[in-house]
Amino acid sequence: MGKKFGDLRKDQRLRMQGWLFDAYCQAGDSEGCPPSRRRYEEIIRAAYGRAQREGIVISLEEVRRYYTSKVPRFRKRFERGDRRLAG
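Computed from a predicted structure; not experimentally measured.

J.: I'm lost on the overall build of the protein chain in this one. Help?
T.: Counting secondary structure elements, the protein chain contains 3 helices and 0 strands. The helix and strand sequence of the protein chain, counted from the amino end, reads α-α-α. On the principal axes, the C-alpha backbone points of the protein chain span a range of 35 × 25 × 20 Å. Of all 87 residues assigned to the protein chain, the portion counted as buried reaches 43%.

What follows is the structure in structure tokens.
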């Protein structure tokens, strides 16, 4: 059992958000448009795997919940071509 997203330190939250957006952009670039819902699990698992390698203790379900709350924002950033780091 991992921490809730809000329990992570600020730098960990920012890194997780960056990894999720990077995976979103990679999936979108391969499709030529914002990624479809069928790619969401692939995106979530890519960011979750990166968090595990970095030693961030968070559950897959918590990453999934956070990602689905951020999809509209990610879509807007992707469509604008805004690839800079959030923060």
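What follows continues from the structure just given.
J.: Hey, could you run me through the nonpolar core in this one?
T.: Note on soluble globular proteins: their nonpolar side chains tend to be buried together. Counting residues in each nonpolar core, the largest one holds 24 residues, and the members touching the most others are Met16, Leu20, Tyr24 and Tyr67. With 8 residues, helix H1 (residues 10-31) is the single largest residue contributor to this core. Aside from chain neighbours lying at most four places away, what touches Met16 is Phe5, Leu8, Ala47, Ala51 and Val63.

J.: Looking at this model, I keep getting lost on the environment of Gly81. Mind explaining?
T.: Locating Gly81 in the fold gives a position in the segment after helix H3 (60-80). With relative accessibility at 46%, the residue Gly81 sits in the partly exposed group. Along the primary structure Gly81 and Gly18 are separated by 63 residues, whereas in three dimensions their C-alpha atoms are 15 Å apart.

J.: I'm lost on the pattern of salt bridges in this one. Help?
T.: For side chains bearing opposite charge, pairing can occur when the charged atoms are close. All chains considered together, the criterion is met by 9 salt bridges. Note that Arg64 and Glu61 form a salt bridge whose closest N and O atoms lie 2.7 Å from each other. Separated by 3 residues within a single helix, Arg64 and Glu61 lie in helix H3, roughly one turn from each other. Accessibility expressed as a relative area gives 22% for Arg64, which makes it partly exposed. Through salt bridges with shared partners, one network takes in Arg9, Asp11, Arg15 and Glu54.

J.: I tried to follow the side chain of Arg39 on my own but got confused; where do I start?
T.: Tracing the backbone shows Arg39 in the loop between H1 and helix H2 (40-54). Once you skip the residues sitting within four places of it in the chain, Arg39 turns out to touch Ala27, Ser30 and Glu31.

J.: I would appreciate a short explanation of the packing of aromatic side chains in the present structure.
T.: Centre-to-centre distance and the angle between the planes together describe a pair of aromatic rings. According to the stated counting rule, one finds 7 aromatic pairs in the structure shown. With centroids separated by 6.5 Å and ring planes inclined at 10°, the aromatic side chains of Phe21 and Tyr24 adopt a geometry described as stacked. Of this pair, Phe21 and Tyr24 both sit in helix H1, 3 residues apart, roughly one helical turn. In terms of burial, Phe21 and Tyr24 fall into one category: buried. Taking 6.1 Å as the distance between ring centres and 50° as the angle between the ring planes, the aromatic pair formed by Tyr67 and Phe74 counts as tilted. Of the two residues, Tyr67 and Phe74, both sit in the buried class. Ring-pair connections join several aromatic residues into one group, and the members of that group are Phe21, Tyr24, Tyr40, Tyr67, Phe74 and Phe78.

About the criteria used
- Residues numbered from 1 in each chain as written.
- Predicted model: local features only at pLDDT ≥ 70, side-chain atom pairs only at ≥ 80, totals over all residues.
- Heavy atoms only, no water.
- Helix = DSSP H or I, 4+ residues; strand = E, 2+ residues; numbered from the N terminus.
- Buried < 20%, exposed > 50% of the residue type's maximum accessible area, 1.4 Å probe, protein only.
- Core = buried A, V, L, I, M, F, W, Y, C linked by side-chain atoms within 4.5 Å.
- Contact = heavy atoms within 4.5 Å.
- Salt bridge = Lys/Arg side-chain N within 4 Å of Asp/Glu carboxyl O.
- Phe/Tyr/Trp six-rings, centres within 6.5 Å; stacked < 30°, edge-to-face > 60°.

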